[in-house]
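Here are the chains, one letter per residue:
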Amino acid sequence: MRESSLVARPDEHGHEVLVAYRPVHFTLDDTARAMNAVVDPHLRKVSSRARVGRSRVRDVLRQIAIDGWPEGFAADPDRVDYWRSWLVAQGVFQADD
């Protein structure tokens, strides 16, 4: 696997994190929340999940890291759970057992 592959790596505390825009780290829950914040509204516009892929994860996190969270955003727990499961299924993160 290439070093640049989108896979979470352990930080100094052993937690799986993604670094989207140094020095911002995103945990699995942070990443799932970001996907809900940015990708879900995008999906409503295009009415398709076909455009969502692992390559989109880094773009989503970079947007949050640079621009901050969307104003007034409140995470939907069901959508966060969906994206959390998706990120694990795609191999971006490993869930703790």
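So, a few notes on the structure that sits alongside this text.

What counts and how
Residues numbered from 1 in each chain as written. Predicted model: local features only at pLDDT ≥ 70, side-chain atom pairs only at ≥ 80, totals over all residues. Heavy atoms only, no water. Phe/Tyr/Trp six-rings, centres within 6.5 Å; stacked < 30°, edge-to-face > 60°. Helix = DSSP H or I, 4+ residues; strand = E, 2+ residues; numbered from the N terminus. Buried < 20%, exposed > 50% of the residue type's maximum accessible area, 1.4 Å probe, protein only. Lys NZ or Arg CZ within 6 Å of the ring centre and 35° of its normal. Core = buried A, V, L, I, M, F, W, Y, C linked by side-chain atoms within 4.5 Å. Salt bridge = Lys/Arg side-chain N within 4 Å of Asp/Glu carboxyl O. Polar contact = N/O pair within 3.5 Å; in protein donor to acceptor, adjacent residues only side chain to side chain.

1. Examining the packing of aromatic side chains
So, point 1. In this structure the tally under the stated criterion is 3 aromatic pairs.
So, point 2. With a centroid separation of 6.1 Å and 5° between ring planes, the pair formed by Trp 69 and Phe 73 is classed as stacked.
So, point 3. Measuring from centroid to centroid gives 5.2 Å for Trp 83 and Trp 86, while their planes differ by 75°, and the two rings are edge-to-face. With Trp 83 and Trp 86 both in helix α3 (residues 77-89) and 3 residues apart, the pair spans about one turn of that helix.
So, point 4. Owing to a relative accessible area of 14%, Trp 86 belongs among the buried residues under this scheme.
So, point 5. Every member of this aromatic cluster is reached through a ring pair, and the members are Tyr 82, Trp 83 and Trp 86.
So, point 6. Cation over ring: Arg 33 sits above Trp 69, and NZ or CZ is 4.3 Å from the ring centre.

2. With respect to the nonpolar core
Considering soluble globular proteins, one finds that nonpolar side chains tend to be buried as a cluster.
So, point 1. Of all hydrophobic cores here, the largest spans 23 residues; its most connected members are Met 35, Trp 83 and Leu 87.
So, point 2. Within the residue set of this core, elements represented by two or more residues are β2 (16-21), α1 (28-46), α2 (54-67) and α3.
So, point 3. If you tally residues by element for this core, the top one is α1, at 8 residues.

3. What to know about the pattern of salt bridges
So, point 1. Counting across every chain of the model gives 3 salt bridges.
So, point 2. Among the ionic pairs, Asp 29 bridges to Arg 84, the shortest N-O distance being 2.7 Å. Within this pair, whereas Asp 29 is found in helix α1, its partner Arg 84 is found in helix α3, the two being separated by 55 residues in sequence.
So, point 3. With a shortest N-O distance of 2.8 Å, Asp 40 and Arg 79 are connected by a salt bridge.

4. Topic: the environment of Arg 84
So, point 1. On the basis of relative accessibility, which here comes to 31%, the residue Arg 84 falls in the partly exposed class.
So, point 2. Considered as a pair, Arg 84 and Ala 32 are 52 residues apart in the sequence and their alpha carbons are 4.9 Å apart.
So, point 3. Within the structure, Arg 84 has its side chain in polar contact with the side chain of Asp 29 (distance 2.7 Å).

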